[in-house]
Amino acid sequence: MYNKQNPRVPMSQFKRRFLKLPLLSIALLGMYSSYAQSDWKASVGGQMSFAELRADQSTLNTSTDPGAGFNLGISYGLNESWSLHSGIGISYIETSNNSSNYSDQAAATDFEGENFEFRYRLENYSERQKSTMLSIPVGVQYESKGSQTRFYSKAGASVNVFLSPKVEGRANRLTTSGYFERFNAVLTAPAFAGFGTFDEIQFSENDLDIKNSFNAFLEIGVKEKFGSNNWVYIGLFAEYGLNDLLENNNSNLIEYNQNTPTDFINNSSLNSTIGNAPLFDKVTLNMVGLRVKYEFGI
């Protein structure tokens, strides 16, 4: 009842009013949580790629080779058309270069301790660089409006870390000789001393010393709605290398092995010089390929 001298809200009405505040707060938090969940998304996917270590100038020809990878991503939607993207990827890449004819010389010491000039000529030489690569991309995406199908484009940059890169070379023929200044003589034999002609030679796998790659990338494609808040992406991408990967290019492509003369040391062309000049002036990592991913709300 209402009393003019002592106005008082009945207890039941007070309880109803008191309970409205937490119920309203819970409702608002639920609406915010639902809105936030629609902004954050995660993704999982894979890629097929073709990579090349492109050289500005060289006596060797570079070529493009296939690879594959796996990607995890996270994105935040700024509005219906724009979103920010990042994540992490792991991929396996291979690149290669070759030369029909290559020759050089280098100072060496034989197994008896005699200094000489090691001369060699390679015919149809090729080498393959291979590495697992860890990638961290950061990009911004624009997409068209649509309830079921949308077109998108994404641009940004990535850091690509090479994990234990290796190189392996081979040649149809290796011809070697040794010039001994003390005797003013050139030895073209015996083979057990590392002098002669060696056919279909496969060199041992060696470590590759290169810097990590910083790349700019562009991706375009289409995304199709799958379920209430999930999407399937199919896109083409291209990555352009921004920095020079060369490091410690102060070795000869082929070196004489003093301890085992017939087991020639094959350094990567990326770490080699011809004469006193680096074999490559500049090398960058470029890639193109196809990406497929499944994106879902979190």
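What you see is a predicted model; the values in this text were computed from it and never measured.

Q: Sorry if this is basic, but what is going on with the side chain of Ser43 here?
A: Take Ser43: it is sitting in strand β1 (residues 40-55). With residues up to four places along the chain from it excluded, the contact list for Ser43 reads Asn71, Leu72, Gly73, Lys293, Tyr294, Glu295 and Phe296.

Q: How should I be thinking about the sheet that holds strand β12 (residues 251-252) in this particular structure?
A: To summarise the sheet geometry, strands pair through backbone hydrogen bonds and adopt either a parallel or an antiparallel arrangement. Sheet architecture is open: three strands sit in the order β12-β15-β16, paired in mixed fashion. Each having just a single partner strand, β12 and β16 (277-278) make up the two edges of the open sheet. Two strands pair when backbone bridges link them, and β12 and strand β15 (residues 272-274) are joined in this way by two bridges, in the parallel orientation. The residue of β15 that forms the bridge with Ser251 is Ser272.

Q: Could you clarify how one ought to interpret the packing of aromatic side chains in this entry?
A: When we look at a pair of aromatic rings, we describe it by the centre distance and by the angle of the planes. Inspection of every chain in the model, using the stated rule, returns 16 aromatic pairs. Each ring, one from Phe118 and one from Tyr256, has its centre 5.5 Å from the other, and the planes form 55°; the classification is tilted. Linking Phe118 in strand β5 (residues 115-143) with Tyr256 in the loop between β13 (254-255) and β14 (265-266), this pair joins segments that are 138 residues apart in sequence. Phe118 gets classed as buried once you look at its relative accessible area, which sits at 1%.

Q: For this particular structure, what's the right way to read the pairing of strand β3 (residues 65-77)?
A: Remember that side chains alternate between the two faces of the sheet whenever the strand is regular. Bridge count between β1 and β3: twelve bridges; the pairing is antiparallel. For Gln47, the partnering residue across the bridge sits in β3 and is Gly69. Alignment of β3 against strand β4 (residues 82-109), held across ten bridges, turns out to be antiparallel. Note on β4: the bridge partner recorded for Ser75 is His85.

Q: Got a minute to help me understand the side chain of Arg150 in this structure?
A: The residue Arg150 is located in strand β6 (residues 149-180) in this model. Within the structure, Arg150 has its side chain in polar contact with the backbone oxygen of Gly146 (distance 2.7 Å). Beyond its immediate stretch of four places on either side in the chain, Arg150 contacts Glu80, Glu143, Ser144, Lys145, Gly221, Val222, Lys223 and Trp231.

Q: Any chance you could explain the pattern of salt bridges here in plain terms?
A: Per the stated rule, a full pass over the model turns up 17 salt bridges. Arg182 is the partner of Glu114 in a salt bridge, and the nearest nitrogen-oxygen pair spans 2.9 Å. With Glu114 in the loop between β4 and β5 and Arg182 in the loop between β6 and β7 (185-187), this residue pair connects regions lying 68 residues apart in the sequence. Because the salt bridges share partners, they merge into one network encompassing Glu80, Glu143, Arg150, Lys223 and Glu295.

Parameters at a glance
Residues numbered from 1 in each chain as written. Predicted model: local features only at pLDDT ≥ 70, side-chain atom pairs only at ≥ 80, totals over all residues. Heavy atoms only, no water. Helix = DSSP H or I, 4+ residues; strand = E, 2+ residues; numbered from the N terminus. Contact = heavy atoms within 4.5 Å. Pairing = 2+ DSSP bridges. Phe/Tyr/Trp six-rings, centres within 6.5 Å; stacked < 30°, edge-to-face > 60°. Buried < 20%, exposed > 50% of the residue type's maximum accessible area, 1.4 Å probe, protein only. Polar contact = N/O pair within 3.5 Å; in protein donor to acceptor, adjacent residues only side chain to side chain. Salt bridge = Lys/Arg side-chain N within 4 Å of Asp/Glu carboxyl O.

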